[in-house]
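# Survey of secondary and tertiary structure
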Amino acid sequence: MLFKSTGTKTGRLVKLLPLLLILAACATGAIREKLLIMPQIEGATYVGQDTCLECHDDMAENFSMNVHGRLADFEMLGAEKGCESCHGPGSLHVDGEGDTDHILRPAELTSEEVGAICSKCHTDGKLMDWTHSEHALADLSCTDCHTMHAEKPLKALLKQEDPELCFSCHQEMQAKSNFPSHHPIKEGKMKCGDCHNPHGELNTHERTNDLCLSCHTRYQGPFVFGHAPVEDDCTICHDPHGSVANNMLLQNEPFLCLQCHEGHFHMLRESNYQSPNATNPRAPGTELANPNGHEGFQMSFGTKCTTCHKVVHGSDFPSQPLSGGGLTR
Amino acid sequence: MKQRYCLLLALLSILIFMMTTTLVCAEDIVKGHVEVGISGMDVDDNPARVNEYVETSDEDNPNVNPALDLGFDYYGDDVSADIDIDYKSSNSHDMSFGADIKRVIRFRLDYQKMQHWKDHETLDQMGATARDDLGGSQPNVTTDKIYADLIGKTGNPAAKIGGTNLIDPATNALAYDPEEAWEQEINNDYIVTREELKSAVDLAIPDLPNIVFHAGLRIETREGMEQAIGLSKCGGCHVSASGKDIDERTEEYTMGATGKFGMFTVDYEYMTRDFTEQANNPSRFYVKAAPDGSMPKVSSLLYSGDKFEYAKTPDSEKDSHRIKARADFSSQTSVSGSYVHSSVKSSKTDEPGIFELDHKTLESKYDGYHAKLATAFGEVRFSIRGGYYEIDGPDYSVTYDKRATNSSHTMDTTQEYESAESRKVTEVGIDAIYRLARATTLRLGYEFEEVKRDEEEFGETKTHTLKAAIKTRFNKSLSGRVSYEYQNIDDPFVAHNATGIAQGNPDYYDSNSGLAALDAAQFQNSNGNNQWVYYWNSVYPSRGFDATNQPDAVHEAKLSTTWAPRANMAATLYVRGRYEENDDVHYEQKTIVPGASLWFAPTDKLNLTASYMYNYQDTENRACVGWYHG
């Protein structure tokens, strides 16, 4: 049982819960609208959407393809519906024969004013943390990415598709998505929004590893023989935006691995083997043929650690040497 | 290919017919587009290919594929629907469908198929043999190709080249033919085909308008083959590769609800995810260990002389509960909080006679609590955040069985393991955004994170982050942003005294073994001279260094400015500089990334982007490689 009543006080609270829910349900969108005051137009009153369309009839067709124009009455919970829901009461605007000083125009408002208008409704799901997002803290406005009156509205009323929209500001990420090793963004199989919540942080409520493992689930483990940096943070070794090194590694092997691990001594060993001199151990032995040249050891141990330590993300099988943790099996 | 064309033409005809019939309906709106094209690619079947995401055929030689992109949107009074199909080849296509019925049911379905070419190593670099191979003795580092070449050059049978190490004791026959194994492996195509089906539905009941119910599913399959490389040790190392079948399936189901009660918003979601690998694990013959007296000795190996599975992908399942709530007290002030609980389980099997586990299921649990406050005082907005999460990873022990055939490991050895992901993390952050002018803001921020890892060896990391940024719009066409960030990281993730291979860390392991037990002064040559350079007095001390690629101080500055003289034209200049250092390990990294971007859209259908980025990164770090003294 997820929740368990453990005492008298808790039991009373549980009994009160239905009553609290009923009271909360009565707090409808109308009350919310009064509480969450958006930018004010002093003295203006609501005139209704039909009045707006007398002049702005060109908006009618576009709005029928826009989710804002298709909202049902029950979704508004008693709040104002239609153009004035976002643009504010329009009586002074009408009386002033279209005076734009007496109507809310989001493109002319500050980011927090626009945010106040949108958060009348958009406080759930991925939008719950908007106020604390990097975009909000960087003074981005909802209207920087979204447009409400597009002739051909895109999904989520974006101004451009993801990733083009994101790349219009994050040019470095656009370049990295074209690096030799990259997620399939330019191939159209992934979008920035698959990992990032532009209204929050990452698309996870846990730590970064959880986000990676939602697709790379084969590395979720837990493994019997783990690799500490894998369990700590995937980005210790990988750059998810793209890299020159294979498998989106921060650096090529073996340099990446050698920053935490000692290299096998064979890496400095030459392969010009001589057989021991049986009569005098200090005397040179007989030079033996090595078809792979004198650099055989250096190439074998200095090219790519994960050739042998293949299961570097973790393993359920012990490696052959006694310590078991070499991640070779 | 012929069948594919026929299907496409049929589908196209149906959709055009639908569009025609719907267009005659008054009031309803139908919009659509059809784009047809051809794509081609010449595929060279080189095992070391680097083009990971080939969208056309996986066949050799030039090939041509039809490309089709079509989409239709329907908007009726009560119902709206949209469908999009993007077909590039039989290995690469996307489809999405959405419907909205009276705002009561909102449904979306997405399907995607793609191919991913995996690495294919030729192992050509693995020829470290140092013995007289042509004479037929055992090479020190070998691959199947080396064996095969030796067999070809000498005319000797494989059993003679590989010696008794390659004899399967169960059958008393050669464990495998290296030449056959090599030919088979090099001819494999390592391709994984990924298919993903995602669906989500929202249900809003008009009589219960405060609550919207959600449900979703995601089914992902990955099928194909990838390269599995195995390593076994006898006189030296035998490295060989084979194809590993991939048949992974991930099933993820979510359900939850969102409630809006006046100033309160509450969101709950339950997710369960089941990951299974349905293909058999590959197996390989781990060559017979050399007898005691040779290197490495039988006593140093856990197993040999038999076939064992390897490259296993473990099944796992995850369940999570997430509840978030937000209260809006005004347009500027809101408080939100969340609680997340999740657990990941994976079943394990041990190998009697080699190793035993005391827990047959390993589990990792996550519990996280976070709270946030947003408010404003005058022209200053504040974002204040705090959180705590705890990961309780698995603790377990592995018992390695005694080796029956050696004298030095006559007892079972038990080793305790604790997952490196077990930790307690505290996070705090505050940002203040001051509106200097209508289009100009100054942001100052501070964040603190403390990571207390249960695994003592990896320590506790404290990170202090300071941020400052100014964003301004000089006029309607020119804007810019400059920012600076400094991080001070106390004891970043590091392997303490860990550069030595299996030497044991004196801080955390038995001081009577490994490096801790060594006293360089004890080592003398035959003349009693302890000043000579020996492996143990010159190399061992360096094998106790800390090692990490993580900085303890970071400085990063960014500058970006955009000039947009017209709505369809923009030019951006940017530069990012980053400096990381960690004096404890002699780590230093410098990054400079300047760039420029030009965007011009002469029509709605045509977007032109030209950009240039220069990425310079220079990294220095200390590395340790012991030298071989004979």
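## Quick word on the overall build of chain B
When its secondary structure is counted, chain B shows 5 helices and 30 strands. Taking all 630 residues of chain B together, the buried fraction comes to 27%. At a minimum sequence separation of 6, the contacts of chain B that also span at least 24 residues come to 58%.

## A word on the overall build of chain A
Check the secondary structure of chain A and you find 15 helices and 2 strands. Considering only intrachain contacts with a sequence separation of at least 6, the fraction spanning at least 24 residues in chain A is 56%.

## Some details on helix α4 (residues 178-186) of chain B
Within the span of α4 of chain B, buried status applies to P178, A181, W182 and E185 of chain B. The arc enclosing the buried residues of α4 of chain B, seen along the axis, measures out at 100°, which places them on a common side.

## Some remarks on the interface of chain B and chain A
Opposite the 127 residues of chain B that make contact, chain A presents 94 residues. Top contributing element to the side of chain B that touches chain A by residue count: strand β16 (residues 334-347) of chain B, with 7 residues.

## Quick word on the confidence of the model for chain B
Close inspection of predicted coordinates is inappropriate for parts of the model with low pLDDT. All names here are of chain B. Per-residue pLDDT for chain B has a mean of 83; in total, 78% of the residues score no lower than 70. When the elements of chain B are averaged for pLDDT, helix α1 (residues 2-23) gives the smallest value, 42, and strand β23 (residues 440-453) the largest, 97. Taken together, the stretch residues 1-26 has pLDDT below 50 and engages in 14 contacts with residues farther than four places along the chain or on a different chain. Segment residues 501-516 is flagged for pLDDT under 50; beyond a separation of four residues in sequence, or across chains, it makes 31 contacts in the model. Both confidence scores are given for the complex: pTM 0.87, ipTM 0.87.

## Here's the deal with the sheet that holds strand β17 (residues 355-357) of chain B
Residues and elements named next belong to chain B. The 3 strands are arranged β17-β20-β21 in an open sheet whose pairing can be described as antiparallel. The sheet is open, and its two edges are formed by β17 and β21 (413-418), each paired on a single side. For this sheet, the mean inter-axis angle between neighbouring strands, taken without regard to orientation, is 25°. Looking at chain direction, strand β20 (residues 395-400) and β21 are connected through 6 bridges and run antiparallel. Each bridged residue has a counterpart across the sheet, and for Y400 the counterpart in β21 is T413.

## As for the nonpolar core
Counting 30 residues, the largest nonpolar core has A228, V239, Y286, Y303 and Y310 of chain B as its most contacted members. Taken together, the elements giving at least two residues each to this core come down to β10 (211-233), β11 (237-261), β13 (283-286) and β20 of chain B. Dropping the residues within four chain positions of it, A228 of chain B is found in contact with A241, S242, K244, P282, Y310 and A311 of chain B. Core analysis: the second largest hydrophobic core is formed by 13 residues, C305 of chain A together with F458, V585 and Y587 of chain B among them.

## A closer look at the environment of H264 of chain A
On the secondary structure map, H264 of chain A appears in the loop between α14 (255-258) and β1 (274-275). Distance in space between the C-alpha atoms of H264 of chain A and Q174 of chain A is 38 Å, their sequence separation being 90 residues.

## Description of the pairing of β10 of chain B
Residues and elements named next belong to chain B. Inspection of the sheet shows strand β9 (residues 191-204) paired to β10 by 13 bridges, in the antiparallel sense. Opposite A200, over in β10, you have G216 as the bridge partner. Note that β10 and β11 share 23 bridges and pair antiparallel. Paired with V212 across the strands is T258, a residue of β11.

## Some details on unusual backbone geometry
Residues and elements named next belong to chain A. Here the bond from D162 into P163 is cis, since omega is 15°, no more than 30 degrees from zero. Along the chain, E253 connects to P254 via a cis peptide bond; the corresponding omega equals 5°. Of note, P254 is situated in the loop between α13 (228-232) and α14.

## Some details on the packing of helix α2 (residues 144-154) of chain B against α4 of chain B
Residue and element names in this part refer to chain B. Two elements in contact, α2 and α4, have axes separated by 8 Å at closest approach and are oriented at 130°. Relative to α4, the element α2 is oriented oblique. Once α2 is placed against α4, the crossing between them reads as left-handed. Contacts from D144, K145, Y147, A148 and I151 of α2 reach α4 at P178, E179, A181 and W182. Among the residues forming the contact of α2 with α4, the class breakdown is 6 nonpolar, no polar and 3 charged.

## Some words on the confidence of the model for chain A
For chain A, mean pLDDT is 85; residues scoring 70 or higher make up 85% of the total. Scored below 50 in pLDDT, residues 1-6 of chain A makes 3 contacts in the model with residues more than four places away or belonging to other chains.

## Remarks on the environment of W182 of chain B
Residues and elements named next belong to chain B. Position of W182 relative to the elements: it lies in helix α4. Each C-alpha atom of the pair W182 and A241 lies 8.0 Å from the other, and the pair is 59 residues apart in sequence. With residues up to four places along the chain from it excluded, the contact list for W182 reads D144, K145 and A148.

## Description of the pairing of strand β4 (residues 92-101) of chain B
Residues and elements named next belong to chain B. Inspection of the sheet shows strand β3 (residues 79-89) paired to β4 by 10 bridges, in the antiparallel sense. Residue pairing in the sheet places D82 in a bridge with G98 of β4. Remark: 2 residues form the turn of the hairpin made by β3 and β4, two consecutive strands paired antiparallel. The pairing of β4 with strand β5 (residues 105-117) spans 9 bridges and is antiparallel.

How each quantity is defined
- Residues numbered from 1 in each chain as written.
- Chains lettered and ligands numbered in written order.
- Predicted model: local features only at pLDDT ≥ 70, side-chain atom pairs only at ≥ 80, totals over all residues.
- Helix = DSSP H or I, 4+ residues; strand = E, 2+ residues; numbered from the N terminus.
- Buried ≥ 20, exposed ≤ 12 C-beta atoms within 10 Å, placed from the backbone.
- Contact = placed C-beta atoms within 7 Å.
- Arc of directions from axis to C-beta.
- pLDDT = per-residue confidence, 0-100.
- Pairing = 2+ DSSP bridges.
- Axes fitted to C-alpha atoms, helices over the stretch in contact; angles between N-to-C directions.
- Core = buried A, V, L, I, M, F, W, Y, C linked by C-beta atoms within 7 Å.
- Parallel < 35°, antiparallel > 145°, perpendicular 65-115°, else oblique.
- Left-handed = near helix turned anticlockwise from the far one by under 90°.
- Nonpolar A, V, L, I, M, F, W, Y, C, P; charged D, E, K, R; others polar.

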